[in-house]
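An overview of the molecular structure
The residues making up each chain are set out below.
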Amino acid sequence: MTDSNLFSLLSRAQSLLDKGFATLPLAPSQSLDSQAAEILNEAATRLHDNYPYEHPLYAGQMLKPPHPIARAAYALAMSINPNNHALDGGRASSAMEIEAVAALAKMFSWPQHLGHLTSGGTFANLEALWIAGQLVPGKKIVASDQAHYTHSRISAVLGLHFVSIPSDDTGRMDLVALEAELATDKIGTVVVTLGTTAIGSVDPLDRILALREKYGFRIHVDAAYGGYFTLASNLAPQVRAAYDAIPQVDSVVIDPHKHGLQPYGCGAVLFRDPTVGHFYKHDSPYTYFSSKELHLGEISLECSRAGASAVALWATQRLLPYMPGGTFARGLESGRNAALELNHHVAADTRFMTPLSPPQLDIVFFAARDPHTTPTPESSSALAQRIFDQAAQLDLHLALANLPIRFFPPGSFPGHSTGTVTCLRSVLMKPEHFEWIDPIWQRLVQATQEALRS
Ligand SMILES: *Cc1c(COP(=O)(O)O)cnc(C)c1O
């Protein structure tokens, strides 16, 4: 959908929305004068100072443009600006939020749930760990050293003791290390990451479930990044097995603003046991009088929340339902194929080194080397930085990440087996990335030739 198409659809929907309030007497409206036009133009010019996030040659960080229907639905709802705290502030958008969250629960094959949208993955994880701390007080939270750094910070905020579990050489939680920690009998909750932020590695949830039989603990799945990949049909068997275990966990977080085509401000937390809702109980003296129905503010730690986020997510789900084999699922499969394809090119080129594990989702990373010298972490890191800069000159925008040397085959950096190396990293989140792998690869090769000359 082009932007002009978006604006014409939006304008028709806006007239329809306005009709619903047409019986009201005319109220003074705020008009935008020429000064406003100047200010907006100034904002537009200032916004040039960004990477071209929506273009397939932007293949760097976790940034995926929202779908036009999400933009249109968000803008439409914004004209009313509903607040999904109490039903007084957003009746329709609260109902849409409940339906949108139910669609997420259904995608994970959960028979029942309690959940809501949040401002993002950070707050969603905070709520999950808060409930975990309430249910198993005094016990520790563990997550792998590749888990999002938010978990150790959130644990500190909540006053919960946090322990980091080493990851193996493919970036997955090391189960021997986990079991050693579980044997201390002090672990209340294991945070399992399905799709780490740095490299998209997927912890072996199925095998962690087997450990739960023996030791008993809560499982929280942080699928802020990778949750939607449960719909993809092209995952490796180990990764598939982890996703297929999601119905058995206690809570899950997923970010519709990462892979779900939503504007920022859209995370979600789901609990499998709806009775955890009583922990949220509070007595607000001024809300919740309009109805005996559930007000989302009664099951959320954040109070005011954008109803527009719920409307945007609901509309996107109507257009692109969460169905294996559907358009949305095929978009994820395409990004994953793009990652495998780029990894394939990189692996065959002596100027690069690929890690032990091929991409588990849609994130590729690799180290750079001068084929005529023995690579050291320092020389490789400096070369990666130069390639990154040169690629940007060619409109190809990648990312850099400091990653453990042990992620690479032994001997990749003779004399070095510990420490980190700065790698080039590419998150291939857009369905179009697959079609663009050749132009991306050509620019990467050219940037590397120039970096090696300089
Ligand atoms: C992005 C991310 C988070 C943090 O979510 P925000 O939406 O950025 O607050 C947490 N965990 C994982 C695995 C993530 O990828």
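Residues numbered from 1 in each chain as written. Predicted model: local features only at pLDDT ≥ 70, side-chain atom pairs only at ≥ 80, totals over all residues. Heavy atoms only, no water.

**Side note on the overall build of the chain**
Counting secondary structure elements, the chain contains 13 helices and 11 strands. Taken over C-alpha atoms, the radius of gyration comes to 24 Å for the chain, in line with the 22 Å a tight globule of 454 residues would show. The burial tally for the chain puts 52% of its 454 residues in the buried class. Restricting the contact set of the chain to residue pairs at least 6 apart, pairs at least 24 apart contribute 74%. For the chain, the accessible area works out to roughly 21,100 Å², and carbon and sulfur atoms hold 56% of it. On the chain, the mean spot of the 33 positive side-chain charges and the mean spot of the 42 negative ones are 3 Å from each other. (Helix = DSSP H or I, 4+ residues; strand = E, 2+ residues; numbered from the N terminus. Rg over C-alpha atoms; globule rule 2.2 N^0.38 Å. Buried < 20%, exposed > 50% of the residue type's maximum accessible area, 1.4 Å probe, protein only. Contact = heavy atoms within 4.5 Å. Areas by Shrake-Rupley, 256 points an atom, 1.4 Å probe, with all protein chains shown as cover. Lys, Arg positive; Asp, Glu negative; His and termini not counted. Charge placed at Lys NZ, Arg CZ, Asp CG, Glu CD.)

**Considering the sheet that holds strand E10 (residues 399-404)**
Here 4 strands make up an open sheet; going across it, the order is E8-E9-E11-E10 and the pairing antiparallel. Each edge of the open sheet is held by one strand with a lone partner, namely strand E8 (352-353) and E10. One ladder, built from 4 bridges, connects strand E9 (residues 363-368) with strand E11 (residues 420-427); its direction is antiparallel. Among the inter-strand pairings, Ile-363 is bridged to a residue of E11, identified as Val-427. With respect to the sheet, helix H12 (residues 377-393) is in contact with E8, E9, E10 and E11, its orientation differing from that of E11 by roughly 30 degrees. (Pairing = 2+ DSSP bridges. Axes fitted to C-alpha atoms, helices over the stretch in contact; angles between N-to-C directions.)

**With respect to the pattern of salt bridges**
In total, this model carries 8 salt bridges according to the counting rule given. Across the salt bridge formed by Asp-145 and Arg-406, the nearest N and O atoms sit 3.7 Å from each other. Of this pair, Asp-145 sits in the loop between strand E2 (140-144) and helix H6 (150-158) while Arg-406 sits in the loop between E10 and E11, placing them 261 residues apart in sequence. Look at Asp-145 and you get partly exposed, because its relative accessible area is 35%. A salt bridge links Asp-244 to Arg-240; the nearest nitrogen and oxygen atoms lie 3.2 Å apart. (Salt bridge = Lys/Arg side-chain N within 4 Å of Asp/Glu carboxyl O.)

**Overview of helix H8 (residues 205-215)**
Within the sequence span of H8, burial applies to Leu-205, Ile-208, Leu-209, Leu-211 and Arg-212. Each buried residue of H8 lies within a common arc of 160 degrees when the element is viewed along its axis, so the set occupies one face. Turned more than 90 degrees from where H8 packs its buried face, Glu-213 and Lys-214 sit exposed. After H8 finishes, the residue Gly-216 shows a positive phi value of roughly 70 degrees. (Arc of directions from axis to C-beta.)

**Some points on the domain arrangement of the chain**
The domains assigned to the chain are domain 1 (78-319) and domain 2 (327-453). Inter-centroid distance (C-alpha atoms) of domain 1 to domain 2 is 30 Å. Together domain 1 and domain 2 conceal approximately 2,200 Å² of surface at their shared face, both sides included; 61% is due to carbon and sulfur atoms. Interface area lost by domain 1 to domain 2 is led by Asp-169, Ile-199 and Asn-234, which between them contribute 28%. At the boundary of domain 1 with domain 2, the tally comes to 2 salt bridges. (Domains from an automatic or database assignment. Buried area = accessible area lost by both parts, 1.4 Å probe.)

**Thoughts on the side chain of Thr-150**
By secondary structure assignment, the location of Thr-150 is in helix H6. Sequence-distant contacts of Thr-150, that is, excluding residues within four places in its chain, are made with Thr-122 and Asn-125.

**A closer look at the state of the cysteines**
Inspection of the entire model under this criterion finds 0 disulfides. Unpaired in this structure, Cys-303 has its nearest cysteine sulfur neighbour in Cys-266, at a distance of 18 Å. The exposure class of Cys-303 is partly exposed, given its relative accessible area of 47%. (Disulfide = S-S within 2.5 Å.)

**Observations concerning the packing of aromatic side chains**
Evaluation of the coordinates by the stated rule reveals 11 aromatic pairs. A centroid spacing of 5.1 Å and a plane angle of 80 degrees characterise the contact between Tyr-228 and Phe-328, whose relative ring orientation is edge-to-face. Of this pair, Tyr-228 sits in the loop between strand E5 (218-222) and helix H9 (237-244) while Phe-328 sits in helix H11 (residues 327-347), and the two are 100 residues apart along the sequence. Like Tyr-228, the residue Phe-328 is buried in the burial classification. Taken together, the ring pairs in this structure connect Phe-365, Phe-407, Phe-408 and Phe-413 into an aromatic cluster. (Phe/Tyr/Trp six-rings, centres within 6.5 Å; stacked < 30°, edge-to-face > 60°.)

**Let's talk about the sheet that holds strand E6 (residues 251-254)**
Strand order across the open sheet formed by 7 strands is E1-E7-E6-E5-E4-E2-E3, with mixed pairing between neighbours. A single partner strand is all that each edge strand has here, and the edge strands are strand E1 (114-118) and strand E3 (162-165). Across the sheet, the mean angle separating the axes of adjacent strands is 20 degrees when strand polarity is ignored. Of the pairings in the sheet, the one linking E2 to E3 comprises 4 bridges and is parallel in character.

**Observations regarding the pairing of strand E4 (residues 187-193)**
Burial runs high along E4: 7 of the 7 residues are buried. Once you follow E4 into H8 and on to E5, the crossover reads as right-handed. (Right-handed = clockwise from strand over helix to strand, strands pointing away.)

**Quick look at the environment of Ile-246**
Inspection of the secondary structure assignment puts Ile-246 in the loop between H9 and E6. The class of Ile-246 is buried, set by a relative accessible area of 0%. Not counting residues within four places of it along the chain, the set of residues in contact with Ile-246 comprises Phe-108, Trp-110, Leu-194 and Leu-205.

**Here's the deal with H9**
Residues of H9 that are buried: Val-239, Ala-242 and Tyr-243. Along the axis of H9, the buried residues cluster in a sector spanning 95 degrees; they form a single face. Exposed residues pointing more than 90 degrees away from the buried face of H9 are listed as Pro-237 and Gln-238. Buried residues belonging to H9 abut H8.

**Some words on the site of the ligand**
Taken together, 13 residues lie around the ligand, and Gly-121, Thr-122, Asp-222, Asp-255 and Lys-258 are the ones closest in. A distance of 2.9 Å is found between an oxygen atom of the ligand and a side-chain nitrogen or oxygen belonging to Thr-197. Between the ligand and His-257, the relevant distance is 2.8 Å, taken from an oxygen atom to a side-chain nitrogen or oxygen of the residue. Notes on the ligand: free accessible area 380 Å², of which the protein chains cover 87%. (Near = heavy atom within 4 Å. Polar contact = N/O pair within 3.5 Å; in protein donor to acceptor, adjacent residues only side chain to side chain.)

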